[in-house]
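# What the coordinates show
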Amino acid sequence: MKVLATTRLPGPAWDELADVELVEGDWPESLSRPRPGVEALVVTNETVDSAVLELLPDLRLVANFAVGYDRIDVAACAARGVAVTNTPGVLDAATAELAVGLMLAARRRIAEGDRLVRDGRWSTRWAEGPFLGRQLGGATLGLVGMGRTGSAVAGRAAALGMRVLFNRRRDTADPARRSLDDLLREADVVSLHVPLTPETEGLLSRGRLRLLRDGATLVNTSRGAVVDEDALVDELVAGRISAGLDVFVHEPRVPERLLGLPNVVLTPHLGSATVETRAAMARIVVDNILAAERGERLLTEVIRPER
Ligand code: GLV
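Residues numbered from 1 in each chain as written. Predicted model: local features only at pLDDT ≥ 70, side-chain atom pairs only at ≥ 80, totals over all residues. Heavy atoms only, no water.

Helix and strand content of the protein: 9 helices and 12 strands. Since a compact globule built from 307 residues should have a radius of gyration of about 19 Å, the 21 Å found for the protein is in line with a globular shape. Once the C-alpha set of the protein is aligned to its principal axes, its extents read approximately 65 × 50 × 30 Å. Within the protein, the fraction of its 307 residues that count as buried is 48%. Within the protein, counting contacts between residues at least 6 apart in sequence, those at least 24 apart form 59% of the total. For the protein, the exposed area adds up to about 15,100 Å²; of that, 51% sits on carbon and sulfur atoms. Here the protein contributes 38 positive and 43 negative side-chain charges, whose respective centroids are spaced 6 Å apart. (Helix = DSSP H or I, 4+ residues; strand = E, 2+ residues; numbered from the N terminus. Rg over C-alpha atoms; globule rule 2.2 N^0.38 Å. Buried < 20%, exposed > 50% of the residue type's maximum accessible area, 1.4 Å probe, protein only. Contact = heavy atoms within 4.5 Å. Areas by Shrake-Rupley, 256 points an atom, 1.4 Å probe, with all protein chains shown as cover. Lys, Arg positive; Asp, Glu negative; His and termini not counted. Charge placed at Lys NZ, Arg CZ, Asp CG, Glu CD.)

Strand order in the open sheet formed by 6 strands is E7-E6-E8-E9-E10-E11, and the pairing between neighbours is parallel. Edge positions in the open sheet fall to strand E7 (163-167) and strand E11 (264-266), since each of these has one partner strand only. Looking at each pair of strands side by side, their axes are set apart by 15 degrees on average, direction ignored. On top of the sheet, helix H8 (residues 229-238) reaches strand E9 (217-220), strand E10 (242-245) and E11; it is set at about 130 degrees to E10, its chief contact. (Pairing = 2+ DSSP bridges. Axes fitted to C-alpha atoms, helices over the stretch in contact; angles between N-to-C directions.)

A word on the site of the ligand. The full set of residues close to the ligand is Ala66, Val67, Gly68, Leu91, Arg223 and His269. Separating an oxygen atom of the ligand from a backbone N or O atom of Gly68 is a distance of 2.7 Å. The separation between an oxygen atom of the ligand and a polar side-chain atom of Arg223 is 2.7 Å. If the ligand stood free it would expose 190 Å²; the protein chains cover 87% of that surface. Of the residues that constitute the shell around the ligand, the class distribution is 3 nonpolar, 2 polar and 1 charged. (Near = heavy atom within 4 Å. Polar contact = N/O pair within 3.5 Å; in protein donor to acceptor, adjacent residues only side chain to side chain. Nonpolar A, V, L, I, M, F, W, Y, C, P; charged D, E, K, R; others polar.)

A few words now on the domain arrangement of the protein. Note on interface size: it is often stated as the accessible area lost on association of the parts. The domain boundaries assigned to the protein delineate domain 1 (3-90 + 274-303) and domain 2 (92-266). Just the C-alpha atoms count here: the centres of domain 1 and domain 2 sit 31 Å apart. Counting residues at the interface gives 9 residues for domain 1, matched by 5 residues for domain 2. It is Asp70, Arg71 and Gly89 that lose the most area in domain 1 upon contact with domain 2, and together they represent 54% of the buried surface on that side. Applying the counting criterion to the domain 1 and domain 2 interface returns 1 salt bridge. There are 1 residue pair in polar contact (both at pLDDT 80 or more) connecting domain 1 and domain 2. By residue class, the composition of the side of domain 1 that touches domain 2 is 3 nonpolar, 5 polar and 1 charged. (Domains from an automatic or database assignment. Buried area = accessible area lost by both parts, 1.4 Å probe. Salt bridge = Lys/Arg side-chain N within 4 Å of Asp/Glu carboxyl O.)

To continue, consider the side chain of Thr217. Structurally, Thr217 is set in strand E9. Residue classification places Thr217 among the buried positions, given a relative accessible area of 0%. Side chain to side chain, Thr217 and Arg107 meet in a polar contact 3.1 Å long. The residues touching Thr217, leaving out its near neighbours within four places in the chain, are Ala106, Arg107, Asp188, Val189, Val190, Ser242 and Ala243.

For the rest of this paragraph, the subject is helix H3 (residues 92-107). For H3, which comprises 16 residues, the first-to-last C-alpha distance of 22 Å matches the rise-based estimate of 22 Å (1.5 Å per residue) to within 8%. With 12 of 16 residues buried, H3 is to be regarded as a mostly interior element. Taken as a whole, H3 has its buried residues at Asp92, Ala94, Thr95, Ala96, Leu98, Ala99, Val100, Leu102, Met103, Ala105, Ala106 and Arg107. Just beyond H3, the residue with positive phi is Arg109, at close to 60 degrees. (Expected span 1.5 Å × (residues − 1).)

Another aspect to go through is H8. Of the positions making up H8, those classed as buried are Glu229, Ala231, Leu232, Val233, Glu235 and Leu236. At the N-terminal boundary of H8, the capping side chain belongs to Asp228, with an oxygen 3.2 Å from the backbone nitrogen of Asp230. At the exit of H8 stands Gly239, carrying a positive phi of roughly 80 degrees.

Here Thr149 is to be found in helix H5 (residues 148-159). For Thr149, the contacting residues outside a window of four places in its chain are Asp92, Thr95, Ala96 and His193.

Shown next as structure tokens:
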């Protein structure tokens, strides 16, 4: 099966594919001409829309090297009989670790402290310095979304001595469940673990961000567009809250106004970026392609197209 890929995947599984072409440059512009014969496309949640599908007339499978597939027009794929797969189940620990890392970094001012030391600005003795953070132990964590990743964060946060509350749509008698607005009012740290869908786009609106307590920390390892980014930047510029952000609306662009702020920790979409997790994700991508090649059932299809 001829495979077109926007990037070479890490780990040993990739070498099991016999016929792979890498497209260099910015996607989708780099797909500048029709590619008949390409049957599988590997993307990292890059845009796959009707225009892309038009240029790949023989495509049978979009194998997404990510769990989130918000840039893939699944309906357009289904309409053409193109299957879409993702990589669920192997990112939860890595993403949860990053979320906790961002909580620690923002609340304990780790990145800010690192810059201070490197810049030679470490002049005050620790006991006198104003460099105080807030500890996670004893603080209240509000999880928006309680799926695989949210649950993985909950366990780690509890081990750190945090009180864990959560919001999710599905009803449950769990006393830790809150409405979204109550969760935002009650939590010291809010961490987002929902996929980007039409329902979650802008979920943390300007009005909702105002519900956060003074001094609260927002952590986002899900998708930038789940938050009203302009409103979030306004809150951070005002210094009312802090944040740990791994995702942005227009990646790899980060709002200019954030770059000089001490109260936000910025990382370049690293949620799943561990050796272990990326190898496991590549394994799933390759297994899906091999299954398609053999005409077998796909492992992790996100929607079953009408065939
Ligand atoms: C990463 O952002 C993913 O969706 O896997």
